[in-house]
Amino acid sequence: GLTMTIGFSRTVRFFSRRDRIRGIISFFGGIGLVMVRWPILGMILQLYGIVYLFGQFFPIAAQSMQDTPVIGDVLKIPAVERFFSSFGGGGGLRAPV
C-alpha cells in the first residue's frame, strides 16, 4: 500500500534510512515471527515497528480528522489531543516520508 501511495523510489528511501533502523528491524522481524508460527509476539513486534516508523504521522492524521463530525469530537478531548501530540517529537507538521 505504501509503495502504491508514494512510489517505489521513495519507499526504498523511507525503509533505508539509518535513523529508522529500529522500526524497520522490528516490523520485518515481526513478519518473520508470524511466518514461523509465533503470531502474538510477531504482531506485537510489528505494532512497535509501525509506531516507531510512522509515529510522526499520527499527529498529522489526528489534526486532519478533527474536522470530521463524530471522530473530531473525540479527538478534541484534551487527553486524546495530548496522546497524539506525544508522538510528534517536533512542532512542525511534516509527513515522515
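Predicted, not measured: the structure shown is a model, and the values here were computed from it. (Residues numbered from 1 in each chain as written. Predicted model: local features only at pLDDT ≥ 70, side-chain atom pairs only at ≥ 80, totals over all residues. Heavy atoms only, no water.)

Draft legend 1. Expanded view of the overall build of the protein chain. In terms of regular secondary structure, the protein chain is built from 7 helices and 0 strands. For the protein chain, the α and β elements follow one another from N to C terminus as α-α-α-α-α-α-α. Looking at the protein chain residue by residue over its 97 residues, the buried ones come to 23%. Pairs at least 24 residues apart make up 48% of the contacts formed inside the protein chain by residues separated by at least 6 positions. A total accessible area of about 7000 Å² is found for the protein chain, and carbon and sulfur atoms account for 67% of it. (Helix = DSSP H or I, 4+ residues; strand = E, 2+ residues; numbered from the N terminus. Buried < 20%, exposed > 50% of the residue type's maximum accessible area, 1.4 Å probe, protein only. Contact = heavy atoms within 4.5 Å. Areas by Shrake-Rupley, 256 points an atom, 1.4 Å probe, with all protein chains shown as cover.)

Draft legend 2. Representation of the pattern of salt bridges within the structure. Counted by the stated rule, this structure contains 1 salt bridge. In this structure, Asp19 engages Arg17 in a salt bridge whose closest nitrogen and oxygen atoms are separated by 3.0 Å. For Asp19, a relative accessible area of 48% corresponds to the partly exposed category. (Salt bridge = Lys/Arg side-chain N within 4 Å of Asp/Glu carboxyl O.)

Draft legend 3. Representation of helix α5 (residues 58-65) in the model. Along α5, the residues that are buried comprise Pro59, Ile60 and Ala62. The arc that holds every buried residue of α5, seen down its axis, measures 165°, which confines them to one face. (Arc of directions from axis to C-beta.)

Draft legend 4. Main features of the packing of aromatic side chains. For the coordinates displayed, the defined rule picks out 5 aromatic pairs. Between Phe14 and Phe54, the aromatic rings sit 5.3 Å apart at their centres with planes inclined by 20°, giving stacked as the arrangement. In this pair, Phe14 is assigned in helix α2 (residues 8-15) and Phe54 in helix α4 (residues 39-54), connecting sequence segments 40 residues apart. Classification of Phe54 by relative accessible area gives partly exposed; the value is 21%. (Phe/Tyr/Trp six-rings, centres within 6.5 Å; stacked < 30°, edge-to-face > 60°.)

Draft legend 5. Structural view of the packing of helix α3 (residues 21-35) against α4. It is the contact of α3 with α4, at a shortest axis distance of 7 Å, that shows an interaxial angle of 155°. Regarding the angle of α3 to α4, the classification is roughly antiparallel. As for how α3 packs across α4, the hand of that crossing is left-handed. Contacts between α3 and α4 involve Arg22, Gly23, Ile24, Ser26, Phe27, Gly29, Gly30, Ile31, Leu33 and Val34 from the former and Pro39, Leu41, Gly42, Met43, Leu45, Gln46, Tyr48, Gly49, Ile50, Tyr52 and Leu53 from the latter. Looking at side-chain class alone, the contact of α3 with α4 contains 13 nonpolar, 7 polar and 1 charged residues. (Axes fitted to C-alpha atoms, helices over the stretch in contact; angles between N-to-C directions. Parallel < 35°, antiparallel > 145°, perpendicular 65-115°, else oblique. Left-handed = near helix turned anticlockwise from the far one by under 90°. Nonpolar A, V, L, I, M, F, W, Y, C, P; charged D, E, K, R; others polar.)

Draft legend 6. Quick look at the environment of Gln56. Turning to its location among the elements, Gln56 is positioned in the loop between α4 and α5. Judged by its relative accessible area of 41%, Gln56 is partly exposed. C-alpha separation for the pair Gln56 and Ser85, spaced 29 residues apart in sequence, amounts to 9.1 Å.

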